[in-house]
Amino acid sequence: QVQLVESGGGLVQAGGSLRLSCVASGRTFSSYAMGWFCQAPGKEREFVGAISWSSSRTSYADSVKGRFTISRDNAKNTVYLQMNDLKPEDTAVYYCAAGHRSAYYSGTYDIWGQGTQVTVSS
């Protein structure tokens, strides 16, 4: 069974940075897509960004473009979310997700991590 484990969340002041990590166990993700999502209290889970393991293509929500960067390390089955210039509105639980390569385009992911809390103070 594939499992995703996020880490790296915490409390940071506005303008600061965090790097989230998501480690996948159970299989290789060389031809799979990985995504990051966030969910603030009382709101729906929203797309943050995605990366294709096969081509290293990336996609981001407009709200994080220029601030967040997705990267990967296939040898470690790990995807990262580098979060710079954080804003209070970024405060949310951040989840990583894995899916078939088509998930990069469809936004449909099959496997989800438990989430890691990111809190940005003003």
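No experiment lies behind these values; they were computed from the predicted model shown.

(A) Geometry of the pattern of salt bridges. Counted by the stated rule, this structure contains three salt bridges. Salt-bridge contacts for aspartate 62 lead to lysine 65; the nearest nitrogen and oxygen are separated by 3.1 Å. In this structure, lysine 87 engages aspartate 85 in a salt bridge whose closest nitrogen and oxygen atoms are separated by 3.7 Å. By relative accessible area, which is 38% here, aspartate 85 ends up partly exposed.

(B) Just the state of the cysteines, in detail. As enumerated under the stated definition, the model contains one disulfide in all. Two residues, cysteine 22 and cysteine 96, share a disulfide whose sulfurs are 1.9 Å apart. Because the sign of the S-S torsion sets the handedness, a value of about 55° for the bond joining cysteine 22 and cysteine 96 places this disulfide among the right-handed ones. Of this pair, cysteine 22 sits in strand E3 (residues 18-25) while cysteine 96 sits in strand E9 (residues 92-100), and the two are 74 residues apart along the sequence. Note on accessibility: cysteine 22 and cysteine 96 belong to one class, buried.

(C) The arrangement of the sheet that holds E3 in detail. Pairing within the open sheet is antiparallel, and its four strands lie in the order E1-E3-E8-E7. The open sheet has two free edges, formed respectively by strand E1 (3-7) and strand E7 (68-73), since each of these has just one partner strand. Taking the axes of each pair of neighbouring strands and ignoring which way they run, one obtains an average angle of 15° across the sheet. Sheet topology note: the E7/strand E8 (residues 78-83) ladder contains six bridges and is antiparallel. Pairing of arginine 72 across the sheet is with valine 79, part of E8.

(D) Structural detail: the packing of aromatic side chains. In the structure shown here, the tally under the stated rule is five aromatic pairs. Arranged with centres 5.4 Å apart and planes meeting at 80°, the rings of phenylalanine 37 and tyrosine 109 form a pair that is edge-to-face. With phenylalanine 37 in strand E4 (residues 32-39) and tyrosine 109 in the loop between helix H1 (103-106) and strand E10 (111-112), the pair connects residues that are 72 residues apart, well separated along the chain. Both residues of the pair, phenylalanine 37 and tyrosine 109, belong to the buried class. Taking 5.1 Å as the distance between ring centres and 80° as the angle between the ring planes, the aromatic pair formed by tyrosine 104 and tyrosine 105 counts as edge-to-face. The structure contains a cluster of three or more aromatic residues connected by ring pairs, namely Phe37, Phe47, Tyr109 and Trp112. Here the guanidinium or amino end of arginine 45 rests over the ring plane of tryptophan 112, the centre of that ring lying 4.8 Å away. Sitting above the plane of the tyrosine 104 ring, arginine 57 keeps its charged end 5.3 Å from the centroid.

Criteria and cut-off values
- Throughout this description, residue numbers start from 1 for each chain and increase along the sequence as written.
- Since the coordinates come from a predicted model, pLDDT governs what is reported: local features require at least 70, and pairs of side-chain atoms require 80 or more to be given and counted, while whole-chain, interface and lining totals use all residues.
- Derived side-chain values reflect all non-hydrogen atoms in the structure, with water molecules and hydrogen atoms excluded from consideration.
- What counts as a salt bridge is simple: a side-chain nitrogen of Lys or Arg found within 4 Å of a carboxyl oxygen of Asp or Glu.
- Relative accessible area decides the class of each residue, using a 1.4 Å probe on protein chains only: under 20% of the type maximum gives buried, over 50% gives exposed, and in between gives partly exposed.
- Cysteine sulfur pairs qualify as disulfides if the two atoms are within 2.5 Å.
- Each helix is a run of DSSP H or I of at least 4 residues and each strand a run of E of at least 2, with the numbering of both proceeding from the N terminus.
- DSSP calls a pair of strands paired once it identifies at least 2 bridges connecting them.
- Fitting a line to C-alpha atoms yields each axis, with helices limited to the stretch in contact; the angle taken between N-to-C directions then spans 0 to 180 degrees.
- Only the six-membered ring of Trp is used, alongside the rings of Phe and Tyr, when aromatic pairs are assigned; centres must lie within 6.5 Å, and planes under 30 degrees apart are stacked while those over 60 apart are edge-to-face, with the rest tilted.
- Only lysine NZ and arginine CZ atoms are considered, and such an atom sits over a ring when it is within 6 Å of the ring centre and within 35 degrees of the ring normal.

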